[in-house]
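Structure at a glance
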Amino acid sequence: MKKSLIALAVLSATSAAAFAQSNVTIYGIVDAGLVSERGGVANTTKVSSGVGAASRLGFKGTEDLGGGLSAVFVLESGIKADTGESDVAGSIANRQSYVGLKSTTAGTLTLGRQYTPYYESVRDVADPFAMGYAGTAKNLFGVAGNNTRNSNAIVYQSPVVEGFVGEVSYSVGEQAGDASAQRQIGGYVGYANGPLNVRVAYNARNNDLPASKLSTDVGHNTLIAANYDFAVVKAYAAFSKDKGTNSSALGNTGNPFGYTVAPVASKDSTVALIGLTAPVGPAGTLMASYTRKNDKEVANRDADQWAVGYSYALSKRTSTYVSYAKIHNKNGASYTVGNNAESGTGDKAFNVGVRHSF
C-alpha cells in the first residue's frame, strides 16, 4: 500500500511537470456596433460585427520541447457577433490556421494560413486605427483579398536583435502545371527602440490562373511606415507604392456609386498617410488620420480620406468607441468607407460600438 502511494505521488508529480510545459489558451474578441453609411446608391444603417476589430474565437498553444525550442499553433475562426454565424460560410479556422516551431535564439518557423508581412506592417506600424473603425487604412491601402492573408504559407520571423526584426513569407500557389501561378512572396524589416517604430515591407502576388489559361502580371506592394510616441501624442506616417494587377483591389466591387461605367481598380498608384493617436484622460484615446490615394494611370482616379475616432476603455478587456470617416473620390474613383470586417457602401460612415476581449 505504501509503495502504491509513493508510485502514485511520483506519477502525479511527473504529470504536473509535463502539463506545465504545455499551454493551450482559448481567446477571442466580441465586437458589435451601429454603422451608418451614406453617399452610395443606397444609404444603410445596420448593426454590424467586427467594426473596431473582427469578432473571433481562437485557440493557441505552446509546448516546451527543451533547449529553448517550443512547438506553437493557432486555430482562429471569424464570427459574426450580430448573427452568430461564421463570417465565411463552411469554414472552421478561416482567419488563421498554422503550426510551427519557435526558438529563443533562431526565430520562428510556421506553416499554414497566416497574415502577410505587408498587412501586418500597415496594421501594426502605419495605421492609427489599427485596421479598425471607419478610419481603417484598408479603405485606401492595397490590403484587400489575398494581400491580407495567405493560405499554404511558410513564414519565418527572426528573433529581435538590438531592436531589429525581420520576417519573410512564401505562399505556395498549388496550381497544377504551373509552380509560379498564384504564388505570393513577402517580407519586412523593422526596427523598434523606445518611442520609435519603423518598418519596410514588400509583397509580390502572382495572379496567373493556369486552369483558365489566363496570364496576368504580378502585383507589387512596397511600404515604408513609422510611428513615434511623444507621450502626449503618437505620430504616424506611411507611404506605399502599389503596381500591377490586384496590387490595390477595390474593397467594394459592386459599383456602389452607380456609375455608368463600372469602376476598375488601379494598377499603378501610391498611398500616403499621416495620423496620430493621443491619450484623453486616464482611459480615452483619440485617433485621427489623413490618407491620399494617387492614381498614376491615365484615368487619374484619386481619392482622399479624413478620419477621426475615439475609444474609451471601461476595463482592461472592454471598450466603447465612436468613429467617422469621409472619402472624396475623383474622376470616377470608387473607394468606400468600411471598417475592420466590412468594405462599406458609401463615401462616408459613422460607427459607435462595444468591444470585449477574452
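Our structure's up above, just so we're on the same page.
The notes below deal with the structure included here. Predicted model, so just to flag it, every value in this text is computed and none were measured. (Residues numbered from 1 in each chain as written. Predicted model: local features only at pLDDT ≥ 70, side-chain atom pairs only at ≥ 80, totals over all residues. Heavy atoms only, no water.)

Examining the overall build of the protein
- Counting its regular elements, the protein contains two helices and 17 strands.
- Here the C-alpha atoms of the protein give a radius of gyration of 22 Å, agreeing with the 21 Å that 2.2 N^0.38 yields for 358 residues.
- With the C-alpha coordinates of the protein rotated into their principal frame, the extents come out at 90 × 55 × 45 Å.
- In the protein, which comprises 358 residues, the share counted as buried stands at 43%.
- Carbon and sulfur atoms make up 62% of the accessible area of the protein, which amounts to about 17,300 Å² in all.
- Of note, the protein has its 31 positive side-chain charges centred 3 Å away from the centre of its 26 negative side-chain charges. (Helix = DSSP H or I, 4+ residues; strand = E, 2+ residues; numbered from the N terminus. Rg over C-alpha atoms; globule rule 2.2 N^0.38 Å. Buried < 20%, exposed > 50% of the residue type's maximum accessible area, 1.4 Å probe, protein only. Areas by Shrake-Rupley, 256 points an atom, 1.4 Å probe, with all protein chains shown as cover. Lys, Arg positive; Asp, Glu negative; His and termini not counted. Charge placed at Lys NZ, Arg CZ, Asp CG, Glu CD.)

Structural notes on the pairing of strand S13 (residues 268-280)
- Pairing between strand S12 (residues 234-243) and S13: 10 bridges, direction antiparallel. If you follow Ala235 over to S13, its bridge partner there is Leu276.
- Inspection of the sheet shows S13 paired to strand S14 (residues 284-295) by 12 bridges, in the antiparallel sense. Along S14, the bridge assignment pairs Pro279 with Thr285.
- In this antiparallel pair of consecutive strands, S13 and S14, the connection spans three residues, and Gly281 shows a positive phi of 75°. (Pairing = 2+ DSSP bridges.)

Let's talk about the pairing of S12
- Sheet topology places strand S11 (residues 218-229) next to S12; 10 bridges connect them, and they run antiparallel. Opposite Ile224, over in S12, you have Phe239 as the bridge partner.
- From the end of S11 to the start of S12, which pair antiparallel, there are four residues, and Ala231 there has a positive phi angle of about 80°.

As for the pattern of salt bridges
- In the structure shown here, the tally under the stated rule is 10 salt bridges.
- Between Lys46 and Glu37 there is a salt bridge, and its shortest N-O distance comes to 3.9 Å.
- On the accessibility criterion, Glu37 (1% relative accessible area) is buried.
- Asp304 is paired through a salt bridge with Arg292; the nearest N and O atoms lie 3.3 Å apart. Residue Asp304 is found in strand S15 (residues 303-313), and its partner Arg292 is found in strand S14; the two are separated by 12 residues along the sequence.
- Salt bridges linked by common partners bring Arg292, Asp302, Asp304 and Lys330 together as one network. (Salt bridge = Lys/Arg side-chain N within 4 Å of Asp/Glu carboxyl O.)

Brief notes about the nonpolar core
- In terms of nonpolar packing, the biggest core is built from 36 residues, with Tyr118, Val122, Phe141, Leu223, Ala238 and Tyr335 touching the most fellow members.
- Here this core gets five residues from one element, more than from any other, and that element is helix H2 (residues 117-126).
- Not counting chain neighbours up to four residues away, the residues in contact with Tyr118 comprise Phe141, Gly142, Val143, Ala201, Asn203, Asn221, Thr222, Leu223, Ser240 and Asp242. (Core = buried A, V, L, I, M, F, W, Y, C linked by side-chain atoms within 4.5 Å. Contact = heavy atoms within 4.5 Å.)

A closer look at a nonpolar patch on the surface
- A contiguous nonpolar patch, built from Leu34, Val47, Leu276, Val280, Leu286, Val308, Tyr324, Phe350 and Val352 and spanning about 670 Å² of accessible area, is present on the exposed surface.
- Broken down by secondary-structure element, the contributors of at least two residues to the nonpolar patch are S13 and strand S17 (348-357).
- In this structure, Val352 sits in strand S17.
- Take Val352: its relative accessible area is 34%, and that puts it in the partly exposed class. (Patch = residues over 30% accessible without salt bridge, like charges linked within 9 Å, V, L, I, M, F, W, Y side chains within 5 Å.)

Here we look at empty space enclosed by the protein
- Going through the model one piece at a time under the given rule, you end up with one cavity of 30 Å³ or more.
- Its volume calculated, the largest cavity comes out at about 50 Å³.
- If you go around the largest cavity, the residues you meet are Leu250, Pro263, Val264, Ala265, Ser266, Asp295, Arg301, Gly332, Ala333, Ser334 and Tyr335.
- Residues belonging to the lining of the largest cavity are distributed by class as follows: six nonpolar, three polar and two charged. (1 Å grid on protein atoms, 1.4 Å probe; cavity = no way out; pocket = protein on both sides within 12 Å on 5 of 7 lines; lining within 4 Å. Points joined across faces, edges and corners; volume = space filled by probe spheres on them. Nonpolar A, V, L, I, M, F, W, Y, C, P; charged D, E, K, R; others polar.)

Examining H2
- Most of H2 is tucked away, with eight of its 10 residues classed as buried.
- Residues of H2 that are buried: Pro117, Tyr118, Tyr119, Glu120, Ser121, Val122, Val125 and Ala126.

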